[in-house]
Amino acid sequence: MANNVAVVGIGQTKHNTQRNELSMPGLVREAATRALEDAQMTWADIDAVVIGKAPDTFEGVMMPELFLADALGAPGKPMLRVHTAGSVGGSTAMVAAGLVKAGVHERVLTVAYEKQSESNAMWALAMKIPFAPPLVAGAGGYFAPYVRAYIERHDVPDDIGIKVAVKDTNNGVLNPYAHKQMTVTYDEVRDSMMLWDPIRFLESCPSSDGACALVLTSEAHAASGKLPPAWVHGMAWRSEPTMLARQDKVNPRAGQECARDVYAQAGITDPRRDIDCAEVYVPFSWFEPKWLENLFFAPEGEGWKLTESGATSLDGDIPWNMSGGVICSNPIGASGMLRFAEAAMQVRGQAGAHQVDGAATALGHAYGGGSQFFAMWIVRNTKP
Amino acid sequence: MRDVAVVAFAQAPNVRRDSDRNEVEILMPVLHEVREKVGLERDDIDFVVHGSTDFQAGMPFSFVGALDAYGAWPPINESHVEMDGAWALYEAWVKLQTGEIDTALAFAYGKGSPGDLVDVLRLQLDPYLVFPLGIDPIGMAAIQCRAYLEGVGRTEADMASVAVRDRRNGMTNPCAQVTGEFTVEGLLAEPMFVSPLRRHDCPPISDGACAVILAAGDRARDLVEHPAWVVGIDHRIEAPGLGMRDLTVSESTRIAAEKANASGTFDVAELHAPFTHQSLILEDTLGIDAAVTQVNPSGGALAANPFMVAGLTRIGEAAQRVLDGAAGRALAHATSGPCLQQNLVCVLEAREG
């Protein structure tokens, strides 16, 4: 009971608007084979496969794990399929880690993907009559009022979102897997088209095809990989309703409680001091200051000051979204696992040009739905 | 492994068309009933997980509505599988094995009535190579059935006897949908539907929901007199291509049964066999002796088959016999995908492992 969990293999695809040269099986295999290579394992070494993705309607295939079973080497093995909205990539990694933690399996392959070019994710995310009034155009339309509420509640300078977008977009250039590969200036972001006031085009995530995969093992196989493992020190998830009069959509209680839980497991009392870097689900740039507060890196109303001071930049004291984050790549179902993977890559020292020197403790974070589903893990380069 | 037991089961009446209620309204009474059976408040449940599919509801993120059926304030420790609820129960069982939690609720819901379920299920097929062929799950089951009848030497009368058994058993289940006294001769006089399948060989389309509460160790002993201990549970998948597997056996069921230690005799077996010939395949694979094991006392999936729910219902129905003190050892099975592609086997006993 409660075995240690090690991340011994990490793989991801090159994310792009369209990966037309790949089928869905090809896309998941590109990530999975890279994770297996990193783990120095073959398909035969894997005991079970856990796959996650966001709504099946994005590709028009229902319960696609059924048709992806042989592409992921699963025949004869257990295969689980997770779906918890945008947090799914994180939740999927946690379900897979749970199999190891529980002692049910020794070596688990987990994969998350989205091939968004198969449809139009923005309109797939816009609820239709009779499920909702026709007011919301995609996730940006849903979140814009809450961003505006954040700005007005705390009297935040109106260019913080621009500064986050400049930081994350330029980080993405350091990450060869990132979808967006562009250097941007403050003026370019400011002058980009206003999509959902106050969210501009360059402050928004792209729509990507991509996948991410991890190989998770028990302690007995922790030395399998090319590099020493990342050790899981805490995992937590929380959910709250879509609409409830008492809830605060700007600073959701589920996110706070999830953070408290994962910090307690990992012995973290001051996240800004105790965590070396964080890869956090920021699909629209304004979510960085919001989540800095929600995750207790800054007091409520002061998250934007960390961004403005440069503390969250790659050379700041608490780098956020070293990989370029969701602002640079957003295959929705994979995005949460990419955050978890980047945290593990940092503590394994395999993040290349976006490596934070000496990163020993990292946070991976994902959220989904209407800021209501949260998944987080803390990884370290030392065993719990 | 930690001792974990099913302590409560509840289900909604299975009906062809629950047109007055949406999914949340079908679920709420079931989720209240299952907790009331063991006197647990919402906050007493440490972990909640459910199974459902967006394509049945016809909208992305349809599962989010289930949060309102359960109640998610203060925020809850919660997950969701896009699988039959039996796999939600499996995730809950794993979570209990980590020692993080002592109680868990697994539930599932499915309304087959709003769309054309057979047409919707075609979307499970390989979109590049199989979907364009135009085959549907009933056609695929018919291919499997033909291979089974010709390969194993069973008959359409054997299949009809499964329907007679399940529909008769369903008469004692107030939640069953298709029930009654029929004869093999009478059923065989009916016309072919998709040869060699007649209507009675195929499952009904149902609207339904069910819920199961699991508890570990002393918590389970405190809650009920006869906990249904989960002494073995495992699931396996097979390749999707029908040409890549032997359709006359269920290899994934065989492996799962072996891993779940599902050998020996059982008082009761609840098999998730949506088609009559699949019940025969599963009984062969699992080595069930009808002389000692009562198969599908609930009526099984031929009496009611709410998609995404019916597998979890089998675990609940099998566990209920143990909870009632009527069975000492029960076998439950769940399936997913065309032609028994993915299977789960669960062994429940009155005595802990």
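Numbers given for residues are sequential positions, taken from 1 along each chain in its written order. To label them, take the chains in the order written and letter them from A, then take the ligands in the order written and number them from 1. Local features in a predicted model are, by the rule used here, given only for residues with pLDDT of at least 70; side-chain atom pairs are given and counted only at 80 or more, and totals for whole chains, interfaces and linings are based on all residues. To get the side-chain values, take all heavy atoms of the structure and skip hydrogens and water.

Let us now look at the overall build of chain B. Helix and strand content of chain B: 13 helices and twelve strands. Put simply, the radius of gyration uses C-alpha atoms, and a globule should come to 2.2 Å times the residue count raised to 0.38. Here the C-alpha atoms of chain B give a radius of gyration of 19 Å, agreeing with the 20 Å that 2.2 N^0.38 yields for 353 residues. Along the first, second and third principal axes, the C-alpha set of chain B runs to 55 × 45 × 40 Å. Burial here depends on accessible area, computed with a 1.4 Å probe over protein chains only, as a share of the maximum for the residue type. Under 20% is buried, over 50% is exposed, and the range in between is partly exposed. Considering chain B as a whole, with its 353 residues, one finds that 64% of them fall into the buried category. Each accessible area value is a Shrake-Rupley result obtained with a 1.4 Å probe; residue values ignore everything except the protein chains displayed when judging cover. Accessible area for chain B stands at about 12,000 Å²; split by element, carbon and sulfur atoms hold 50% of it. His is not counted, nor are the chain ends, whereas Lys and Arg count as positive and Asp and Glu as negative. Charged groups are reduced to one reference atom each: NZ for lysine, CZ for arginine, CG for aspartic acid, CD for glutamic acid. Separation between the mean location of the 27 positive side-chain charges and that of the 49 negative ones in chain B comes to 2 Å. Counting from the N terminus, the helices are the DSSP runs of H or I reaching at least four residues and the strands are the DSSP runs of E reaching at least two.

Looking at the secondary structure, you find H80(B) in strand β3 (residues 78–81). Contacts described as polar in this section are N or O atom pairs within 3.5 Å, which, within protein, must combine one atom able to donate a hydrogen with one able to accept it, while residues neighboring in sequence count only if both atoms come from side chains. Here H83(A) takes part through its backbone oxygen, which lies 2.7 Å from a polar atom of the side chain of H80(B). A polar atom in the side chain of H80(B) sits 2.9 Å from the side chain of S52(B). Working rule for contacts: check all heavy atoms of both residues, and any pair within 4.5 Å makes them a contact. Excluding its chain neighbours within four sequence positions, the residues that come into contact with H80(B) are V82(A), H83(A), T84(A), V49(B), H50(B), G51(B), S52(B) and F63(B).

Taken residue by residue, the interface counts 57 residues in chain A and 59 residues in chain B. In this assembly, chain A packs against chain B so that about 5,000 Å² is buried in total across both faces, 68% of it on carbon and sulfur atoms. Buried area: the sum, over both parts, of the accessible surface (1.4 Å probe) that disappears when the two are put together. It is M62(A), L66(A) and W237(A) in chain A that bury the most area against chain B; as a group they hold 15% of the surface buried on that side. Salt bridges are identified by distance alone: a Lys or Arg side-chain nitrogen within 4 Å of an Asp or Glu carboxyl oxygen. On inspection of chain A and its partner chain B, the count reaches one salt bridge. In this structure, E100(B) engages K101(A) in a salt bridge whose closest nitrogen and oxygen atoms are separated by 2.7 Å. In this assembly, chain A and chain B are joined by 13 residue pairs in polar contact (both at pLDDT 80 or more). The nonpolar class holds Ala, Val, Leu, Ile, Met, Phe, Trp, Tyr, Cys and Pro. Asp, Glu, Lys and Arg form the charged class, and all remaining residues, Gly among them, are polar. Tallied by class, residues from the side of chain A that touches chain B come to 31 nonpolar, 14 polar and twelve charged.

Moving on, we come to the nonpolar core. Counting residues in hydrophobic clusters, the biggest one holds 169 residues, and the most contacted among them are F297(A), W377(A) and L348(B). Top element by residues in this core is helix α13 (residues 332–348) of chain A. It accounts for ten residues. Just so you know, the domain bounds were taken from an automatic or database domain assignment. Summarising the domain contributions, this core has at least three residues from each of domain 1 (4–115 + 205–223) and domain 2 (118–203 + 230–349) of chain B. The term nonpolar core refers to a set of buried residues drawn from Ala, Val, Leu, Ile, Met, Phe, Trp, Tyr and Cys, joined through side-chain atoms within 4.5 Å. Counting residues in hydrophobic clusters, the runner-up holds 40 residues, among them L27(A), L66(A), L109(A) and M308(B).

So, about helix α5 (residues 138–154) of chain A. Residues and elements named next belong to chain A. In this model α5 runs 26 Å from its N-terminal to its C-terminal C-alpha over 17 residues, within 8% of the 24 Å that 1.5 Å per residue would give. A maximum bend of about 35° is found in α5 at A144, where proline P145 lies one to four positions downstream. Every buried residue belonging to α5 is among G138, G140, F143, A144, V147, Y150, I151 and H154, and all of these are buried. Where α5 is buried, its residues meet α4 (121–124), β5 (194–196), β6 (199–200), α10 (287–294), α11 (303–309) and β10 (361–368). In a helix, the anticipated span is given by 1.5 Å times the number of residues less one. Take the seven residues that end at a residue and the seven that start at it, fit an axis to each, and the angle between those axes is the bend at that residue.

What follows covers the confidence of the model for chain B. Per-residue confidence for chain B averages 97 on the pLDDT scale, and 99% of its residues sit at or above 70. Taken together, the chains of this predicted complex give a pTM of 0.98 and an interface ipTM of 0.97. The score called pLDDT rates the predictor's confidence residue by residue, from a low of 0 to a high of 100.

Here we take up the domain arrangement of chain B. All names here are of chain B. Segmentation of chain B into domains returns domain 1 (4–115 + 205–223) and domain 2 (118–203 + 230–349). For domain 1 and domain 2, the distance between their C-alpha centroids amounts to 22 Å. Between domain 1 and domain 2, the contact holds 40 residues from the first and 34 residues from the second. Carbon and sulfur atoms supply 68% of the area that domain 1 and domain 2 bury against each other, a total of about 2,800 Å² over both sides. When the buried area of domain 1 at its contact with domain 2 is split by residue, N14, D84 and W87 rank highest and sum to 23% of it. Viewed at the interface, domain 2 and domain 1 are joined by zero salt bridges. Applying the counting criterion to the domain 1 and domain 2 interface returns eleven residue pairs in polar contact (both at pLDDT 80 or more). Every element with two or more residues in the side of domain 1 that touches domain 2 is listed here: β1 (4–11), α2 (54–57), α4 (85–97), β4 (103–111) and β7 (207–216). The dominant element in the side of domain 1 that touches domain 2, judged by the number of residues it contributes, is β1, at seven residues.

Residues and elements named next belong to chain B. Between its first and last C-alpha atoms α4 spans 18 Å; for 13 residues at 1.5 Å apiece the expected length is 18 Å, and the two agree. With respect to burial, α4 is a largely interior element, 13 of its 13 residues being buried. Its side-chain oxygen at 2.8 Å from the backbone nitrogen of A86, D84 defines the N-terminal cap of α4. Directly beyond the C-terminal end of α4, a positive phi value near 85° is found at G99.

Quick look at the pairing of strand β11 (residues 329–336) of chain B now. Residues and elements named next belong to chain B. Summarising burial for β11: eight of the eight residues are buried, a large majority. Side-chain alternation along β11 places R329, L331, H333 and T335 on one buried face and A330, A332, A334 and S336 on a second face that is also buried. At least two DSSP bridges between two strands are needed for those strands to be called paired. Summarising the sheet, strand β9 (residues 268–270) and β11 pair through three bridges and their orientation is parallel. Looking at the pairing, V268 lines up with A330 of β11. One ladder, built from eight bridges, connects β11 with strand β12 (residues 342–349); its direction is antiparallel.

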